[in-house]
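Coordinates in review
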Amino acid sequence: MPMTSLQRRRRVMPGFGLSMGIALTYFALIVLLPLVAMAIKTASLGWEDYWKIVTAPRSLASFRITLTAALAATVVNAVVGLLFAWVLTRYRFPGRRLLDALVDLPFALPTAVAGLTLVTLFAPNGWFGRYLEPLGIKVAYAPLGIMAAMFFTSIPFVVRTVQPVLEDLSADVEEAARSLGARPWQVFALVIWPVILPAFLAGTTMAFARSIGEFGAVVFIAGNLPMVTEITSLLIFIRLDEFNYPAAAALASVLLLVAFLLLFLTNSLQARVLRHARRD
Amino acid sequence: MPAATDGLGARLLIAAALLIALVTLVVPLALIFASAFAEGWAAYVANIMQPDTLHAVFLTVLTAVIVVPVNMVFGIATAWAVARYDFPGRKLMISLIEIPFSVSPIVAGTIYLFLYGQQGLLGPTLQSWGVQVMFSVPAIVLVSLFVTAPFVARELIPLMQAQGSEDEEAALSLGASPWQTFRLVTLPNIRWALLYGAVLTNARAMGEFGAVSVVSGSIRGQTNTLPLQIELLFNDFNVVGAFAAASTLALIAVATLVLKFLLERHAQ
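Residues numbered from 1 in each chain as written. Chains lettered and ligands numbered in written order. Predicted model: local features only at pLDDT ≥ 70, side-chain atom pairs only at ≥ 80, totals over all residues. Heavy atoms only, no water.

Quick look at the overall build of chain B
Spelled out, the test is: Each helix is a run of H or I in the DSSP string that is no shorter than four residues. Each strand is a run of E no shorter than two, and both are numbered from the N terminus. Only protein chains enter the accessibility calculation, which uses a 1.4 Å probe; a residue is then buried when its area is under 20% of its type maximum, exposed when over 50%, and partly exposed in between.
Helices and strands together make up the secondary structure of chain B, namely 14 helices and 0 strands. Going residue by residue from the N terminus, the α and β elements of chain B occur as α-α-α-α-α-α-α-α-α-α-α-α-α-α. Each principal axis of the C-alpha atoms in chain B carries an extent, and together these give about 70 × 65 × 30 Å. In chain B, buried positions account for 53% of the 268 residues.

A look at the overall build of chain A
So the rule is basically this: Contact criterion: two residues are considered in contact whenever any of their non-hydrogen atoms come within 4.5 Å of each other. Areas reported as accessible are Shrake-Rupley estimates using a 1.4 Å probe. Residue values count occlusion only from the protein chains shown. The positive count covers Lys and Arg only, the negative count covers Asp and Glu only, and His and the chain ends enter neither. Here the site of a charge means atom NZ of a Lys, CZ of an Arg, CG of an Asp or CD of a Glu.
Along its length, chain A carries 15 helices and 0 strands. Seen through its C-alpha atoms, chain A measures out along the principal axes to roughly 65 × 60 × 30 Å. Every one of the 280 residues in chain A was classed for burial, and the buried ones make up 53%. Here the analysis covers contacts within chain A between residues at least 6 apart in sequence; of these, 74% occur between residues at least 24 apart. Accessible surface, chain A: about 13,100 Å² in total, of which carbon and sulfur atoms supply 69%. Looking at chain A, you have 23 positive and 15 negative side-chain charges, and the mean spots of the two groups are 6 Å apart.

Quick look at the packing of helix α8 (residues 137-148) of chain B against helix α11 (residues 178-207) of chain B
All names here are of chain B. We count it as follows: To get an axis, a line is fitted to the C-alpha atoms, and for a helix only the part in contact is used. The angle between two axes follows their N-to-C directions and goes from 0 to 180 degrees. By definition in this entry, angles of less than 35 degrees are roughly parallel, angles greater than 145 are roughly antiparallel, angles of 65 to 115 are roughly perpendicular, and the rest are oblique. Each crossing gets its handedness from the near helix: less than a right angle anticlockwise from the far helix is left-handed, clockwise is right-handed. Any residue outside Ala, Val, Leu, Ile, Met, Phe, Trp, Tyr, Cys, Pro, Asp, Glu, Lys and Arg is labelled polar, Gly included; the first ten of those are nonpolar and the last four are charged.
At their nearest, the axes of α8 and α11 sit 9 Å apart, and the two run at 135° to each other. Considered as vectors, α8 and α11 are oriented oblique to each other. Crossing handedness for the pair α8 and α11: right-handed. Here α8 contributes Ser144, Val147 and Thr148 to the contact with α11, which in turn contributes Thr201, Arg204 and Ala205. Residue composition of the contact of α8 with α11, grouped by class: 2 nonpolar, 3 polar and 1 charged.

Describing the domain arrangement of chain B
Accessible area lost during the coming together of the parts is what is often quoted as the interface size. All names here are of chain B. This is how the line gets drawn: Where each domain starts and ends comes from a domain assignment, either automatic or drawn from a database. Two parts placed together each lose some accessible area under a 1.4 Å probe, and adding up what both lose gives the buried area. Any carboxyl oxygen of Asp or Glu that lies within 4 Å of a side-chain nitrogen of Lys or Arg is treated as forming a salt bridge with it.
Annotation of chain B at the domain level lists domain 1 (1-36) and domain 2 (40-267). On a C-alpha basis, the centres of domain 1 and domain 2 stand 31 Å from each other. Buried area between domain 1 and domain 2, summed over both chains or domains, comes out near 600 Å², and the portion from carbon and sulfur atoms is 85%. The largest per-residue losses of area from domain 1 upon contact with domain 2 belong to Ile32, Phe33 and Ala36, which jointly make up 70% of the total buried on that side. On inspection of domain 1 and its partner domain 2, the count reaches 0 salt bridges. In the side of domain 1 that touches domain 2, the residues fall into 5 nonpolar, 1 polar and no charged.

Section: the pattern of salt bridges
For the structure on display, the rule yields 11 salt bridges over all chains. In this structure, Asp104 of chain A engages Lys260 of chain B in a salt bridge whose closest nitrogen and oxygen atoms are separated by 2.5 Å. In this pair, Asp104 of chain A is assigned in the loop between α5 (96-102) and α6 (105-108) and Lys260 of chain B in helix α14 (residues 239-267), connecting two distinct chains. In terms of burial, Asp104 of chain A and Lys260 of chain B fall into one category: buried.

Observations regarding the packing of aromatic side chains
Quick note on the threshold: Aromatic rings from Phe, Tyr and Trp, with only the six-membered ring used for Trp, were paired whenever their centres fell within 6.5 Å, and each pair was classed as stacked if the ring planes differed by under 30 degrees, edge-to-face if by over 60, and tilted otherwise. By the criterion adopted, a ring carries a charge over it if an Arg CZ or a Lys NZ lies within 6 Å of its centre and within 35 degrees of its normal.
Within the structure shown, the criterion is met by 24 aromatic pairs over all chains. Three or more aromatic residues link up through ring pairs in this structure, and these residues are Phe215, Phe220 and Phe237 of chain A together with Phe209 and Phe234 of chain B. In this arrangement the basic side chain of Arg84 of chain B is found over the ring face of Trp80 of chain B, its NZ or CZ atom lying 5.6 Å from the centre. Arg154 of chain B extends its terminal NZ or CZ atom over the ring of Phe101 of chain B, reaching a point 4.1 Å from the ring centre.

Concerning the interface of chain A and chain B
The condition that has to hold: Counted as a polar contact is a pair of N or O atoms within 3.5 Å, where, for protein atoms, one must be capable of donating a hydrogen and the other of accepting one, and residues adjacent in sequence contribute only when both atoms are in side chains.
Chain A puts 84 residues into the contact, and the matching count from chain B is 90 residues. Summed over both sides, the interface of chain A with chain B buries roughly 7,700 Å², with 81% coming from carbon and sulfur. For the chain A face of the interface with chain B, the top three residues by lost area are Met13, Tyr26 and Leu116 of chain A, together amounting to 8%. At the boundary of chain A with chain B, the tally comes to 1 salt bridge. The interface formed by chain A and chain B includes 9 residue pairs in polar contact (both at pLDDT 80 or more). Ranked by residues supplied to the side of chain A that touches chain B, first place goes to helix α2 (residues 16-43) of chain A with 18 residues. Residues belonging to the side of chain A that touches chain B are distributed by class as follows: 64 nonpolar, 10 polar and 10 charged.

Digging into the packing of helix α10 (residues 166-173) of chain B against α11 of chain B
Residue and element names in this part refer to chain B. Running from amino to carboxyl end, α10 crosses α11 at an angle of 150°, the nearest separation of the two axes being 10 Å. Comparing the axis directions of α10 and α11 gives the class roughly antiparallel. As α10 packs across α11, the resulting crossing turns out to be right-handed. Along its contact with α10, which presents Asp167, Glu168, Ala171 and Leu172, the element α11 presents Pro178, Thr181, Val185, Thr186 and Asn189. Among the residues making up the contact of α10 with α11, the classes are represented as 4 nonpolar, 3 polar and 2 charged.

Examining a nonpolar patch on the surface
The following threshold applies: Excluding any residue in a salt bridge, patches collect residues exceeding 30% relative accessible area, merging like charges within 9 Å and nonpolar Val, Leu, Ile, Met, Phe, Trp and Tyr side chains within 5 Å.
Nonpolar side chains collect at one region of the surface, where Phe37, Trp41, Val45, Met49 and Leu54 of chain B lie side by side and expose about 490 Å² of accessible area between them. Within the element layout of this structure, Val45 of chain B appears in helix α2 (residues 40-48).

What about unusual backbone geometry?
Residues and elements named next belong to chain A. One non-glycine residue, Tyr141, lies in positive phi territory at about 60°. In this fold, Tyr141 is placed in the loop between α8 (129-132) and α9 (143-153). Overall, the relative accessible area of 43% leaves Tyr141 in the partly exposed class. In this structure, Met227 takes a positive phi of about 75° despite not being glycine. The topology assignment puts Met227 in the loop between α13 (216-222) and α14 (232-241).

Concerning the domain arrangement of chain A
Residue and element names in this part refer to chain A. What the domain assignment lists for chain A is domain 1 (10-44) and domain 2 (46-279). Using C-alpha coordinates to define each centre, domain 1 is positioned 30 Å away from domain 2. The partner domain 2 presents 8 residues to the 6 residues of domain 1 that form the contact. When the two sides are added together, the surface that domain 1 and domain 2 hide from each other amounts to roughly 490 Å², 80% of it contributed by carbon and sulfur. In terms of surface lost to domain 2, no three residues of domain 1 exceed Met38, Lys41 and Thr42, which account for 73% of the buried area on that side.

Structure representation (structure tokens):
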């Protein structure tokens, strides 16, 4: 019977036990064990108490605030991310490399620094605030500030998922479409868009997930008023500070479930991107 | 495709992208340094040399020095297992590694509190042995390990999968020991991606705010890392001091971007 390459590899390559042992032990201790502790804590609540905490007006308000701001930030990020990815892959212009490097700044910059910077920029006497406040646009200590913080911290996601796909898209397909008389927008809508769509959706999902979980940047700029500018992460933090651990556990479990759901969605979308790449 | 940059549409798109980048990326970065040096060099140095800030710098560096090597070992072991062998649950493992990446930092801190806290799963037992994890340096290190666990692995897995194991198989069949094969064949093949993963781990470990603020207890001069110190100074209305502390982390962020740029060039 012919051996498959994987069977052969498994026999020849040493270190399976060692690498698996390290990986699984570490993963169990650092990632799984705390999650189990959290699950036990939440399960000890009982369904009725759990429901009461999760549907309390202040909790519901925090869900609404977090979701709306994250959605708005993600929509802006989808447009800006697509624009950045397009310009970086399609044109040569002075400053292109600098722009390419700068796109990762929100990942490299600690969220507390981002929050401090944003609130200073948008304060009434700040570099941006002094022009926006006279127009009646309040960003610092307002819902718009939450959106701004979420937008900033997740700028790289859409760019970095769409960029490689756009780079790999072979020029001759577009060339062919053009020579057959397609207009530029037709080339984009019918040739390019279907190819980049899975990557684009994966990127926006990641940006959305990050926005929902963002804490550091938001707390500096949000004003943190209960029912108005209090995000769910902050409400969890406040409950922990009050030693109200059941409430913190219940709220954290909601965020955790949302994170798992979005992680699952991202993974399925990325599997699709890979399938597309292999087909070429 | 270095396409025509001459069309009006192309110019408009480039202009729009550069303008947005200026407002959302360049200006914020400029503001950090402008504010840190707003009262001059002497005031900047005085702000950095504050004992509490210095201790925060020390604690932040200490955390990174522990977290980066540990997660490099985990990243290499995971990538090796996942990219070199086929086993049931392999795909699941690749997705599970991403968990810390997708969880809110506050939730990361909370799950550790429910493990090592006074009412946690292991907290009371550990406390009866005289081991205090929460609100101390070990807790800061542990949550930092959690939030940065995927960074090295997610850089290495795609690379090692793409490279395949032909090089290693050749070395082994020529009589190299497993350790020699790893040190002389695998490591040189993955070094740039490994370094990049380490750089990302370092940036995140030094900058983590939410998870650390849940478990550290934020004790001034004891369990305050730099990001927490920034918040403390800001809440004390010491904005210049906050920006001075922030500028050190911003410098590390800029260094991270430069390193990434150089490492990607090497990798090509």
